[in-house]
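Spelled out, the chains give:
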Amino acid sequence: MIQMNGVVKRYKELVALDHFDLHVQAREIYGLLGPNGSGKSTAINCMLALLTIQKGDITVFGQQMKPTSYALKRDIGLVPQEVALMEELNVQENIDYFCGLYVADVRKRKQLVDEAIAFCGLEKFRKFLPKKLSGGLKRRLNIACGIAHKPRLLILDEPTVAVDPQSRNSILEGIRQLNQHGVTVLYTSHYMEEVEQLCTMITIMDKGKAILTGTKDELKASVNLGDQVRIRLVNHSRQDVDAIRQLPFISRVDVQEDTLVLDMTRGESKVAGLINFLEQRDIAIGEMSLRQPTLNDVFLEVTGKELRDSV
Amino acid sequence: MFRTVFQYNLLITLRQKSVLFWSLAFPLLLSTFFSMAFSNIYTAEIIREPIPVAYVAPAQVNPLYNLKDILGDIPLGQDGEARLLELHTAENTEQARTMVLDGQVAAAVMDGGLPQLMTNRVGPQQVVVKQVLDQVDATKQTITGLMRQNPLIPVSHIAAELNQMDYTQTASINRDRMTPDSIYYFALLAMTCLGACSAGAMIVILQQADKSAEGARGAISPASKWLRVAAAGTASWLVQVAMSFIVLAYMTLVLGKHLGDNIPYLLVILAVGTLMGFLLGMAVACMVRGSANAILGVTTSVYLFSSFLTGLMSDRVKRLVDTSLPWLSRINPGTMIVDALYSLYYYRENNYQYLISMLLACALFAAVVAVTLGRRYHDSI
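Computed from a predicted model, the values in this text were never measured in an experiment.

What about the overall build of chain A?
What chain A contains, in helices and strands, is 11 helices and 14 strands. Out of the 311 residues belonging to chain A, those deemed buried represent 53%. Long-range contacts, defined as pairs at least 24 residues apart, comprise 68% of the intrachain contacts of chain A with a sequence gap of at least 6. For chain A, the accessible area works out to roughly 14,300 Å², and carbon and sulfur atoms hold 47% of it. Taking the average place of the 40 positive charges on the side chains of chain A and the average place of its 40 negative ones, the gap between the two points comes to 7 Å.

Focus on the interface of chain B and chain A
Facing the 31 residues of chain B at the interface are 39 residues of chain A. Carbon and sulfur atoms make up 62% of the surface buried where chain B meets chain A, a total of about 3,100 Å² over both sides. Remark: the boundary between chain B and chain A carries 1 salt bridge. Two residues, Arg15(B) and Glu93(A), come together in a salt bridge whose shortest N-O distance is 2.8 Å. Broken down by secondary-structure element, the contributors of at least two residues to the side of chain B that touches chain A are helix H1 (2–15), helix H8 (196–207) and helix H9 (213–219) of chain B. No other element matches the 8 residues that H1(B) contributes to the side of chain B that touches chain A. Residues of the side of chain B that touches chain A, tallied by class, amount to 14 nonpolar, 9 polar and 8 charged.

Focus: the packing of aromatic side chains
All told, the structure shown has 11 aromatic pairs over all chains when counted by the stated rule. Taking 5.0 Å as the distance between ring centres and 85 degrees as the angle between the ring planes, the aromatic pair formed by Phe21(B) and Trp22(B) counts as edge-to-face. With relative accessibility at 36%, the residue Phe21(B) sits in the partly exposed group. Look at Trp22(B) and you get exposed, because its relative accessible area is 51%. Clustering of aromatic rings is evident, with ring pairs tying together Phe33(B), Phe34(B), Tyr184(B) and Tyr185(B). Lying across the ring of Phe61(A), Arg152(A) places its NZ or CZ 4.3 Å from the centre. One cation-aromatic arrangement involves Arg217(B) over Phe98(A); the distance from NZ or CZ to the ring centre is 5.0 Å.

A few points about the side chain of Asn142(A)
Tracing the chain through its elements places Asn142(A) in helix H5 (residues 135–147). In contact with Asn142(A), other than residues within four places in its own chain, are Val79(A), Pro80(A), Glu82(A), Val83(A), Ala84(A), Leu85(A) and Arg217(B).

Remarks on the domain arrangement of chain A
If you check the domain split of chain A, you get domain 1 (2–222) and domain 2 (228–292). The distance between the C-alpha centroids of domain 1 of chain A and domain 2 of chain A comes to 43 Å.

Parameters and conventions
Residues numbered from 1 in each chain as written. Chains lettered and ligands numbered in written order. Predicted model: local features only at pLDDT ≥ 70, side-chain atom pairs only at ≥ 80, totals over all residues. Heavy atoms only, no water. Helix = DSSP H or I, 4+ residues; strand = E, 2+ residues; numbered from the N terminus. Buried < 20%, exposed > 50% of the residue type's maximum accessible area, 1.4 Å probe, protein only. Contact = heavy atoms within 4.5 Å. Areas by Shrake-Rupley, 256 points an atom, 1.4 Å probe, with all protein chains shown as cover. Lys, Arg positive; Asp, Glu negative; His and termini not counted. Charge placed at Lys NZ, Arg CZ, Asp CG, Glu CD. Buried area = accessible area lost by both parts, 1.4 Å probe. Salt bridge = Lys/Arg side-chain N within 4 Å of Asp/Glu carboxyl O. Nonpolar A, V, L, I, M, F, W, Y, C, P; charged D, E, K, R; others polar. Phe/Tyr/Trp six-rings, centres within 6.5 Å; stacked < 30°, edge-to-face > 60°. Lys NZ or Arg CZ within 6 Å of the ring centre and 35° of its normal. Domains from an automatic or database assignment.

Quick look at the structure:
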């Protein structure tokens, strides 16, 4: 569906995309995950032939993407990061206006607009101007304007920024439904939880480069991450901590005052083995919590830094 | 698609409060103010109170001609008993001078031979006193001349004839008998036309991907940029033209201001002038790199600077620019519109050179837009 090969984009001295590759198959929900400034929006703008590129090639639907590729554009929908609405038009008029750039037939367009309004839960707000809408509703309207013409490929650039949790869940659910109806989705975000929850394929990018690509399990497997246990021990000695370090299923131990943070190796859960070991040494457990590895852990493992924002 | 973009941009323009204010409400308010300020300027009595004047008697009084009685007898207004000049006797020239400097009187008249007039400033009162003295002296010379020719003519008959005689007739400077204050209304119409530059800039901002998110959304649609710009631009320009026509209709039909009989040609000037202002705004927006606010700021600055140079805020500036920097006057879009409108006042026939200049300027601005908007890729968004 989308092929980006060796794309280089420079803003004077700054290399925004550094031999960037992206391959999106049909009917995927493809996640592009990276911190702010990693090049996600730049990649999308290049993909849509809005920006000049210095190297590489870009094809969409198997054809080279150019500013005059009107036939290709007919099947693409964009939900930009910045809310793009006409402030002087109400909800219904905004959707109709932008849908009108794709669909000329008035009757057909009316039906599409009604469907988009219903899909995004904006029925009660048809006559509202954008300035009267909350942030979450504006985002929904932003999405409605991008999907009304029923595109085959939908690109969403950080659609849930500054959105309340309820609206966010509603947006994510809507995207799943669109995908179930055959729409290919390219979803960019710096919120790992959304990408983990939603996307079938993920590319992690940083500083204009694609660092890792795969499903979330593949990504976690590629850095050999297992569960993480936080445990507060009641009575333990230094020798006990050293012994825990020596356990074969423990890859790393961090001591934070009286709490141990243990990274376990991948595979079946090793928690039972850890508890048995502690019982054998008569070490009482004060508190214990288990966390499965996240994409943030993958990013940290690969780049040495964290994804800067989280939900 | 053209129709959809056109219809919605008509709606968008009509709902933009800034457009409604600067293109419609502001000119209507200002023209109403003009009407109130200039309403009686050619018929009203400028002097409503007697003018205090110091009078110094001549060394020798002429029994046949008493200037003091003549000056003191001039009526104020067409009816009523008040007198135009309130005479204060001064012993001598020095005392009269003191009275003028102290502000006790507006002027001082020293009688004797040719009367002398002393003032320390120029204002309506001083002008009236001088006019009176000139007229008295002219009448005296006329009567004296006639008496020399025919000493038997009674003076009272001559005086009666002179009172009914007009020495000049008012000739209209223009063919349509517009009054001089029409210039101010034309200046306001020129500002209204030039103000369309903001609307032109907004069209570029909303349709260019590197200037707004709305432009980016439009750029990835199958509607070509030229279609969107043409449709949106036509709609916005038509609204601007309609508003200038409404302002003209208000001036002529509601305020009753006579702006000439050549209304069709005036409408053409307004339409072309608005187009020129609109395309100027588009050209500025295409050339300026920066945010939407920066573009609108530059456009407003161009509009204000152009208006200033045409004398729309101070008429002395226009004369200064015309004489000192004539080349600037020729390329200033605001001057082109103002001169085209002023030509209706000053020329007896349609002067098409100004209209042709405006059309050439429109073509130039359109070329700038075509070249710069033609770029399809952007370096950054």
